[in-house]
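# Summary of structural features
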Amino acid sequence: MARPEILQIAPMLPVVTDQIAKLFTVHRFWEVADKEAWLAENGSRIRGVAAGGHSPINETLLGKLPSLEIVAAFGVGYDQIDAKWAGNNGIVVTNTPDVLTDEVADLTIGLLISTVRRIPAAERHLRDGKWPSGAFQLTSSLRDRKIGILGLGRIGKAIAKRLQAFGLPISYYGRHKQDGVEYAYVADPVELARQVDVLISVIPGGKATEKTIGAAVFEALGPDGIFLNVGRGTVVDEAALIDALKSNKIQAAGLDVYADEPNVPAELMALENTVLLPHVASGTVHTRNAMGQLVVDNLVSWFDGRGAVTPVAETAEVARTKGS
Ligand code: NDP
């Protein structure tokens with residue numbers, strides 16, 4: 001039988017490209033100059049998409065791939081993919097959950113301590129040769145703080161587990177109160193912000209969560225408040241965050257994600273009370289390889305007739321009915 005044809009949207013790690021090259025006919029879409037003409041000529045033969053990067057995978061593209069069965073995405077967040085449209089049109093979307101959970105949680109703890117204890121600024125103080133003329137200023141502390149987690153999913157729980165070991169009380173917000181979870185549930189993000197002084201967002205992106213965290217949340221968090229975002233930048237009203245940081249309505253922010261990556265507002269970069277990372281929470285060789293392997297596993301399992309390994313919720317029904 002002919003090898004399934006796969007459209008690879010963006011460059012991916014060798015763990016992905018080496019394996020799929022052996023099993024499938026792979027087309028490197030980012031190298032195609034005239035994408036419309038290419039899709040008109042070849043789109044009907046494409047049965048799988050390997051999706052890395054942030055370019056939108058929506059009806060405009062998917063509608064030109066009438067034989068498409070599966071979109072295997074690299075990453076647990078898949079807000080760049082119109083999974084609902086895919087599900088309604090018999091296409092399975094898969095992501096890479098679980099394999100990155102601990103890595104992202106570890107980085108979040110690092111970002112939290114960096115933000116509260118101002119580790120990057122302290123290091124700059126030393127490197128700039130300022131130590132001999134004066135000790136680095138005292139910072140705020142994690143002691144006596146209360147933690148609020150927005151989005152207590154796989155990653156949120158892994159962060160909470162680590163913070164429990166720090167002896168800090170934890171509460172959370174999500175659309176649902178979760179059974180069997182010992183942390184206090186708060187049904188409204190503003191109310192959660194009022195009750196805690198560290199707020200960590202791990203909520204997924206997409207239309208449903210756009211600007212969920214805005215001026216009212218920062219106002220409620222208050223002048224001692226620390227805000228962290230390791231979920232998606234679009235969840236935050238960035239202008240409101242900048243205003244809150246500039247006017248000391250909150251104390252500091254630690255961010256790994258932004259509304260318009262890789263563009264980070266100059267105003268955020270100019271502020272002393274921010275620690276800014278370039279979306280690196282899962283960015284280790286170990287974990288990125290595990291994510292890549294799961295992309296391959298999904299494609300291989302699907303085209304072997306064994307179904308998708310990790311279909312997203314919006315396409316779970318398609319995966320169940322068509323997957324084997
Ligand atoms: P999960 O699906 O396990 O958890 C998501 C959580 O968010 C759930 O607790 C859910 O609770 C809550 N949630 C979902 N939708 C909404 C909504 N509309 N409003 C409020 N809460 C909502 O995902 P993971 O923990 O595995 O990953 C979370 C996100 O982290 C990813 O979607 C991704 O965007 C981001 N991420 C970032 C990385 C980075 O490099 N910075 C790396 C990996 C992930 P409920 O259903 O009760 O609302």
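Since the structure is predicted, the reported quantities are computational estimates derived from the model, not experimental observations. (Residues numbered from 1 in each chain as written. Predicted model: local features only at pLDDT ≥ 70, side-chain atom pairs only at ≥ 80, totals over all residues. Heavy atoms only, no water.)

## Comments concerning the site of the ligand
Taken together, 25 residues form the shell around the ligand, and within it Arg154, Ile155, Arg175, His176 and Asp256 come nearest. Note that an oxygen atom of the ligand is positioned 3.3 Å from one of the backbone N or O atoms of Leu152. Here an oxygen atom of the ligand sits 2.9 Å away from a polar atom, N or O, in the main chain of Arg154. Contact with the protein chains hides 87% of the accessible area of the ligand, taken as 920 Å² for the molecule alone. Partitioning the shell around the ligand into residue classes produces 11 nonpolar, 10 polar and 4 charged. (Near = heavy atom within 4 Å. Polar contact = N/O pair within 3.5 Å; in protein donor to acceptor, adjacent residues only side chain to side chain. Areas by Shrake-Rupley, 256 points an atom, 1.4 Å probe, with all protein chains shown as cover. Nonpolar A, V, L, I, M, F, W, Y, C, P; charged D, E, K, R; others polar.)

## Quick notes on the nonpolar core
Core analysis: the largest hydrophobic core is formed by 32 residues, its most contacted members being Leu112, Ile147, Ile149, Ile159, Leu163 and Ile200. In terms of residue count, helix H5 (residues 101-117) provides more of this core than any other element does, 6 residues in total. Dropping the residues within four chain positions of it, Ile159 is found in contact with Ala105, Thr108, Ile109, Ile149, Ile200, Val202 and Val230. Ranked by size, the runner-up nonpolar core spans 28 residues in total, among them Leu192, Phe218, Phe227 and Leu255. (Core = buried A, V, L, I, M, F, W, Y, C linked by side-chain atoms within 4.5 Å. Buried < 20%, exposed > 50% of the residue type's maximum accessible area, 1.4 Å probe, protein only. Helix = DSSP H or I, 4+ residues; strand = E, 2+ residues; numbered from the N terminus. Contact = heavy atoms within 4.5 Å.)

## Quick word on the sheet that holds strand S11 (residues 252-255)
With parallel pairing, 7 strands are arranged side by side in an open sheet as S8-S7-S6-S9-S10-S11-S12. Two strands bound the open sheet, and with one partner strand each, they are strand S8 (184-185) and strand S12 (274-276). Pairing between strand S6 (residues 147-150) and strand S7 (residues 170-173): 4 bridges, direction parallel. Paired with Ile149 across the strands is Tyr172, a residue of S7. Contacting strand S9 (198-201), strand S10 (226-229), S11 and S12, H5 runs over the sheet at an angle of about 150° to S10. Against the sheet, helix H7 (residues 154-165) makes contact with S6, S7 and S9, and its axis sits at roughly 170° relative to S6, the strand it touches most. (Pairing = 2+ DSSP bridges. Axes fitted to C-alpha atoms, helices over the stretch in contact; angles between N-to-C directions.)

## Remarks on the confidence of the model for the protein chain
Scored by pLDDT, the protein chain comes out at a mean of 97, with 100% of its residues at no less than 70. Interface confidence in the predicted complex, given as ipTM, is 0.99; pTM for the same model is 0.97. (pLDDT = per-residue confidence, 0-100.)

## Examining the packing of aromatic side chains
A complete count under the given rule lists 4 aromatic pairs for this structure. The interplanar angle of 55° and the centroid separation of 5.2 Å between the aromatic rings of Tyr172 and Tyr185 together place this pair among those described as tilted. You can see Tyr172 sitting in strand S7 and its partner Tyr185 sitting in strand S8, a full 13 residues away along the chain. By relative accessible area, Tyr185 is classed as partly exposed at 22%. A cation sits over an aromatic face here: Lys35 above Phe29, 5.2 Å from the ring centre. (Phe/Tyr/Trp six-rings, centres within 6.5 Å; stacked < 30°, edge-to-face > 60°. Lys NZ or Arg CZ within 6 Å of the ring centre and 35° of its normal.)

## Section: unusual backbone geometry
In this structure, the amide linkage connecting Glu261 to the following residue, Pro262, adopts the cis form with an omega of 5°. With respect to the helices, strands and loops of the structure, Pro262 is situated in the loop between S11 and helix H11 (266-270). In this structure, Lys211 is a non-glycine residue whose phi angle is positive, near 55°. Relative to the assigned elements, Lys211 resides in the loop between S9 and helix H9 (215-221).

## Some remarks on the sheet that holds strand S1 (residues 5-8)
Taken in spatial order, the 5 strands line up as S2-S1-S3-S4-S5 in an open sheet, and their pairing is parallel. The sheet is open, and its two edges are formed by strand S2 (25-28) and strand S5 (92-94), each paired on a single side. Direction aside, the axes of adjacent strands within the sheet are offset by 20° on average. The sheet contact formed by S1 and strand S3 (residues 46-51) spans 4 bridges and is parallel. Bridging across to S3, Ile6 finds its partner in Gly48. Contacting S1, S3, strand S4 (70-73) and S5, helix H12 (residues 285-303) crosses the sheet at an angle of about 160° to S4.

## A look at the pattern of salt bridges
What the rule picks out here adds up to 15 salt bridges. Lys64 is the partner of Glu36 in a salt bridge, and the nearest nitrogen-oxygen pair spans 3.3 Å. Note that Glu36 is positioned in helix H2 (residues 35-42) and Lys64 in the loop between helix H3 (59-62) and S4, a separation of 28 residues in sequence. Residue Lys64 is classed as partly exposed on the basis of its relative accessible area, which comes to 29%. Among the salt bridges present, the one from Glu317 reaches Arg320, with a minimum N-O distance of 2.7 Å. Residue Glu317 and its partner Arg320 are located together in helix H13 (residues 316-322), separated by 3 residues, close to a single helical turn. One salt-bridge network, in which partners are shared between bridges, spans Asp102, Asp106 and Arg162. (Salt bridge = Lys/Arg side-chain N within 4 Å of Asp/Glu carboxyl O.)

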